[in-house]
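Coordinate inspection notes
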Amino acid sequence: MDAPVYGLVLAGGRSTRMRADKAALTYQGQTQLERAMALLKDLVPRAFVSVRADQAADPLRARFARIVDRRENIGPIAGLLAAQSEHPQAAWLVLACDLPLLDRASLQHLLHARDPGRLATAYRSSHDGLPEPLCAIYEPASGGPLVAHLAAGGNCPRKFLLSADVKMLDEPTPRALDNINTPAEYGAAMAALDQPAAPLHVNVQYYALLREQAGRREEALTTNARTAHGLYQELCARYPFSLPVETLRVAVNGDFCDWPAPIKDGDAVVFIPPVAGG
Amino acid sequence: MPQFRFTTAAIDIPALREALSDPACGGFACFEGWVRDHNEGARVQRLEYEAYEDLAVREGERILAEAVQRFGVARAACVHRLGTLAIGEVAVWVGASSPHRNEAFLACRFIIDEVKHRLPIWKKEHYVSGDSGWVNCERCASAPVHGSAHVHEGAG
């Protein structure tokens, strides 16, 4: 059986460039730490905040279950190692505490596409093509290699992922993994969150019963949905579709696709009613 | 090279069989799916097939390649009809040739089962009563269908 995935929000950083505790920065009235924990809450059975020993009593962090670093000055790997020591049977969905634009669909996609047979599952950065180590799932088997990586003098989790057997995924929603390090970036993230997300333009094809119920074969649509699942729900409000989403499959850009996978501007989406060839 | 394709005309069976012949093969098996005059208690007058062709061809080629790999058959092919079919017509043809008969039988069975489960192909039954219904779709619908005169209400 696959290891359960627990969540770990890394809130033990020093936030030197920001000159303010990144976990306590607020967006739309909620601190970054609260936002990250709220995202994880429904997606994993347990979630923890990773803290340094001197932060354990901090009121913001003390509201949540905490795991205290056991080593100092080795960066984010300390938090993951402490979590692995405390729950060695678990895989860890590790999140940095400076990803204000991270959305639920991106986390769902990561969990859905996880390969427990590799050491980790991670997104490939759309900026530089490198793995994003701080929105990634680390399997229990990654513990030994992580310790070896540290022993060899490495403490960069990105370099660890580059050297390890990792399943890489394309980045989902644009900007979802943008981290913020400076007050200017904080301002830009707040502005981005206050703007409604731009609607996506997609092309949808209908077949068989759905074609009859939609009264068309094909259409170009603008949608606020971010996944195929959300798009079907929007369409259910527009057309008298009788097929529950659980009975359908979906194809995006010509091949079968997972329901929680993010859709992008320009995608071609086909909903596939129960088939009956032969 | 395994081949899957659609046709709107009657399936040319002798040509398909000929394309699978191979001097290294001692066995050939085929399966034909025919249009039947009844289904689940209703008398069927004709069928209408529709497919998402791009994806169905891609997935159909995958099924044939899987059959070649799993059973070691030399050649495999499948042709599926689209459009309106009368009772008795061949709706789908599957064939496989191999050095020995067992693999050819197994491959045919595998291919038709996978085709029925995996390919985005839909079948609408038109009944003698004048009703019609999309097979496998109407009964998993949770809510009554509005605005469609074509939905068969009496299936099952």
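Computed from a predicted model, the values in this text were never measured in an experiment. Numbers given for residues are sequential positions, taken from 1 along each chain in its written order. In the order they appear in the text, chains get letters beginning with A and ligands get numbers beginning with 1. Owing to the predicted nature of the model, reporting of local features is limited to residues with pLDDT of at least 70; listing and counting of side-chain atom pairs is limited to 80 or more, with chain, interface and lining totals taken over all residues.

1. Brief notes about unusual backbone geometry
Residue and element names in this part refer to chain A.
- Of note, the phi angle at Arg-19 is positive, near 60 degrees, even though the residue is not glycine.
- Looking at the secondary structure, you find Arg-19 in the loop between strand 1 (5-10) and strand 2 (26-27).
- Around each residue's C-beta, the other C-beta atoms within 10 Å are counted; 20 or more make the residue buried, 12 or fewer make it exposed, and counts in between make it partly exposed. All C-beta atoms are placed from the backbone. With 8 C-beta atoms counted inside 10 Å, the residue Arg-19 sits in the exposed group.
- At Ala-208, a residue that is not glycine, the phi angle is positive and equals roughly 55 degrees.
- Secondary structure is summarised from DSSP: a helix means a run of H or I of at least four residues, a strand means a run of E of at least two, and numbering begins at the N terminus for each. Inspection of the secondary structure assignment puts Ala-208 in helix 8 (residues 208-214).
- Take Ala-208: there are 28 C-beta atoms within 10 Å of it, and that puts it in the buried class.

2. Some words on helix 2 (residues 53-71) of chain B
Residues and elements named next belong to chain B.
- If you check helix 2, its first and last C-alpha atoms are 26 Å apart, about what 19 residues at 1.5 Å a residue would give, namely 27 Å.
- When helix 2 is considered as a whole, its buried residues turn out to be Ala-56, Glu-59, Gly-60, Ile-63, Leu-64, Ala-67 and Phe-71. Buried residues along helix 2 cover an arc of 145 degrees about the axis, so they all sit on one side.
- By definition, residues are in contact whenever their C-beta atoms, placed on the basis of the backbone, come within 7 Å of each other. Buried residues belonging to helix 2 abut strand 1 (3-7), strand 4 (42-51), strand 5 (75-81), strand 7 (90-98), helix 3 (101-118) and strand 8 (121-127).
- A positive phi of about 70 degrees marks Gly-72, the residue just after helix 2. Multiplying 1.5 Å by the helix residue count minus one yields the expected span of that helix. Directions pointing from the helix axis toward each C-beta atom define the arc.

3. Observations concerning the interface of chain B and chain A
- Counting residues at the interface gives 30 residues for chain B, matched by 21 residues for chain A.
- Under the convention adopted here, Pro, Cys and the residues Ala, Val, Leu, Ile, Met, Phe, Trp and Tyr are nonpolar, Asp, Glu, Lys and Arg are charged, and Gly plus all remaining residues are polar. Within the side of chain B that touches chain A, the residues separate by chemical class into 17 nonpolar, eight polar and five charged.

4. Some words on the environment of Arg238(A)
Residue and element names in this part refer to chain A.
- Here Arg-238 is to be found in helix 9 (residues 228-238).
- Residue Arg-238 is classed as exposed on the basis of its C-beta count, with 9 C-beta atoms lying within 10 Å.
- Between the C-alpha atoms of Arg-238 and Ala-214, which are 24 residues apart in sequence, the distance is 8.5 Å.

Such coordinate-based values are descriptive only and should not be taken to indicate function.
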